[in-house]
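Given next are the chains, with one letter for each unit.
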Amino acid sequence: MNIAIDGPAGAGKSTIARLTAKELDFVYVDTGAMYRAIALYLIDNQTDIENEDALKAALDQIHINIVYESGVQHVFLDLQDVSTEIRSEKVGNMASKSSALAPVREKLLDLQRDIAAKNDVIMDGRDIGTNILPNAELKIYLTASVGVRAKRRYDELILHGENPDLEEIKKGIEQRDYQDMNRAIAPLKQAEDAVLIDSSDMSIAEVVDKIVSLARQK
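Model, not experiment: these values are computed from the prediction.

Asks: What is the right way to read the sheet that holds strand β8 (residues 195–198) from this model?
Replies: Strand order in this open sheet of five strands is β2-β6-β1-β7-β8, and the pairing throughout is parallel. A strand with exactly one partner marks an edge of an open sheet, and here the two such strands are β2 (27–30) and β8. Within this sheet the neighbouring strands show an average axis-to-axis angle of 20°, counted without direction. Here five bridges tie strand β1 (residues 2–6) to strand β6 (residues 121–125), and the two strands are oriented parallel to one another. When the sheet's bridge partners are listed, Asn-2 is paired in β6 with Val-121. Against the sheet, helix α5 (residues 102–118) contacts β1, β2 and β6, and its axis sits at roughly 155° relative to β6.

Asks: Explanation requested: unusual backbone geometry in the structure shown.
Replies: Both trends apply: most residues other than glycine have a negative phi, and most peptide bonds are in trans. A positive phi angle, close to 60°, is found at Asp-25, a residue other than glycine. You can see Asp-25 is positioned in the loop between α1 (13–24) and β2. By relative accessible area, which is 69% here, Asp-25 ends up exposed. A positive phi angle, close to 50°, is found at Gln-46, a residue other than glycine. With respect to the helices, strands and loops of the structure, Gln-46 is situated in the loop between α2 (31–44) and α3 (52–60).

Asks: What is the right way to read the side chain of Thr-20 from this model?
Replies: Take Thr-20: it is sitting in helix α1. Judged by relative accessible area, which is 0%, Thr-20 ranks as buried. Here Ile-16 takes part through its backbone oxygen, which lies 2.7 Å from a polar atom of the side chain of Thr-20. Thr-20 has contacts with Ile-122, Val-208, Ile-211 and Val-212, leaving out every residue within four places of it along the chain.

Thresholds, definitions, all that
- Residues numbered from 1 in each chain as written.
- Predicted model: local features only at pLDDT ≥ 70, side-chain atom pairs only at ≥ 80, totals over all residues.
- Heavy atoms only, no water.
- Pairing = 2+ DSSP bridges.
- Helix = DSSP H or I, 4+ residues; strand = E, 2+ residues; numbered from the N terminus.
- Axes fitted to C-alpha atoms, helices over the stretch in contact; angles between N-to-C directions.
- Contact = heavy atoms within 4.5 Å.
- Buried < 20%, exposed > 50% of the residue type's maximum accessible area, 1.4 Å probe, protein only.
- Polar contact = N/O pair within 3.5 Å; in protein donor to acceptor, adjacent residues only side chain to side chain.

Next up, the structure:
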């Protein structure tokens, strides 16, 4: 069984998907982490993503692996654990831009579909239900207000020892929403057969319970 969770930045997709996967004993596939790992490589290597030849050459050098240790996800870029580095705002903004490019999406498409074909999976991202797993048995579109999403991101960064600006985070989320929803390739949108869940006034546990209930009905 495949469960697709789509939605805008900061909606809590990764947290919800990870906890739901644990409840259902499914494999959680964090596509956002994959795109962020690519973005980190592109930043570190000062790759001009507007230059298609340079971008393809860079992508040929990238090897991504996701490993779970004691229930904790670790993202490896080649042999380096980059789980912390990929969560910065700088990497997130680059991921929003680079993930709209065809060569980047092609790099990960086959890997993501292969994992889903071999396992019961929960996969979250921007276009899982509309593009990556169009035949998923359950599709969720998870969202929340911009203000709620910004505050969640602010609290997360504080926990990581950073000193964020809430208004800047809010502007960044609005910009990423626009980029994700208006990109030419696989834009963010709710699949026609997806269940809409607005988590603005819901706890994490309530959202997880809702998705688990929907999955078991399937």
